[in-house]
Amino acid sequence: GAVVSQHPSRVICKSGTSVKIECRSLDFQATTMFWYRQFPKKSLMLMATSNEGSKATYEQGVEKDKFLINHASLTLSTLTVTSAHPEDSSFYICSASPEQSRTDTQYFGPGTRLTVL
Amino acid sequence: AQSVTQLGSHVSVSEGALVLLRCNYSSSVPPYLFWYVQYPNQGLQLLLKYTSAATLVKGINGFEAEFKKSETSFHLTKPSAHMRDAAEYFCAVRFSGNTGKLIFGQGTTLQVKP
């Protein structure tokens, strides 16, 4: 149980285009989902927290107009990187938490490798 | 300020040797503590977690960790390393008041030599 999937697993795009990454909780309803970014040989940096049906909460320094997050259902959250540039190339990981009141366990997706040419 | 620190970005052990990965946190209130493992090009897998119950926590793959409040530590151990344990290990903390938000340590790369 508690499986989180991401699609696509890797994507290559041209500079200036937009890319959408999906994060799905396959066997539970996720009231909260998180989006992380991981640079090579580095730790995970939380980008934003999204709650189903409401606006995402972005961490300081993360451009909300650049990284659009939508959490329209209890099993799906999407991250859209708009007007991507080479510096946006990274490994993006989502996680989902099944409990609204005690979000002490996050289940992570397998990640999406984004390369912007 | 609330923070989490992993001492040693790279740890190398021989197969069969003890594994010790260090994690310290900075907080006046004991947080929830987690250890995750990441294999190359994959997401994170939960090894174990401490949520104010037993201070010695047993996880998957033979790993365990002990919460020591006096030392503000949550070190990860395994008595005997296996080649398949080679991976990146992250200590993570959820501080009181930060709903669901995890703060990750810098990560420790575990190398297991034959």
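Let me begin by describing the structure that accompanies this report. Only a predicted model underlies this, so the values are computations on that prediction, with no experimental measurement involved.

Bringing the environment of B:V11 into the picture now. Residue and element names in this part refer to chain B. Topologically, V11 is positioned in strand β2 (residues 10-14). Each C-alpha atom, one on V11 and one on T108, is 6.9 Å from the other, the two residues being 97 residues apart in sequence. Excluding residues within four positions of it along the chain, V11 makes contact with L20, L21, T108, T109, L110 and Q111.

As a further point, take the packing of aromatic side chains. The final tally for this structure, using the stated rule, is 13 aromatic pairs over all chains. When the centroid spacing of 6.1 Å and the interplanar angle of 15° are considered together, the rings of B:Y25 and B:F67 count as stacked. One end of the pair, B:Y25, is in strand β4 (residues 24-26); the other, B:F67, is in strand β8 (residues 64-68), and 42 residues separate them in sequence. Each member of the pair, B:Y25 as well as B:F67, is classed as buried. Ring centres 6.3 Å apart and planes at 50° place the aromatic pair B:Y50 and B:F74 in the tilted group. Taken together, the positions of B:Y50 in strand β6 (residues 44-50) and B:F74 in strand β9 (residues 73-78) put the pair 24 residues apart, joining distant regions of the chain. Here B:Y50 falls in the buried class, since its relative accessible area comes to 7%. The class for B:F74 is buried, based on a relative accessible area of 0%. Of the aromatic side chains, those joined through ring pairs into one cluster are A:Y36, A:F108, B:F34, B:Y36, B:F90 and B:F104.

Applying the stated criterion to the full structure yields four salt bridges over all chains. Two residues, A:R24 and A:E22, come together in a salt bridge whose shortest N-O distance is 3.4 Å. One salt bridge connects B:K78 with B:D85, and the closest N-O pair in it is separated by 2.8 Å. Across the pair, exposure class does not vary: B:K78 and B:D85 are buried alike.

Thresholds applied
Residue numbers restart at each chain and count upward from 1, following the sequence in its written direction. Whichever chain is written first becomes A and whichever ligand is written first becomes 1, with later ones labelled in order. Where totals are concerned, whole chains, interfaces and linings use all residues; where local detail is concerned, this predicted model gives features only for residues with pLDDT of at least 70, and gives and counts side-chain atom pairs only at 80 or more. Derived side-chain values reflect all non-hydrogen atoms in the structure, with water molecules and hydrogen atoms excluded from consideration. Each helix corresponds to a stretch of at least 4 residues labelled H or I by DSSP, and each strand to a stretch of at least 2 residues labelled E; elements are numbered beginning at the N terminus. It only takes one pair of heavy atoms within 4.5 Å for two residues to be counted as in contact. When two rings of Phe, Tyr or Trp (its six-membered ring) have centres within 6.5 Å they constitute a pair, described as stacked for plane angles under 30 degrees, edge-to-face for angles over 60, and tilted for the intermediate range. Relative accessible area decides the class of each residue, using a 1.4 Å probe on protein chains only: under 20% of the type maximum gives buried, over 50% gives exposed, and in between gives partly exposed. By convention in these notes, a salt bridge is any Lys or Arg side-chain nitrogen within 4 Å of a carboxyl oxygen on Asp or Glu.

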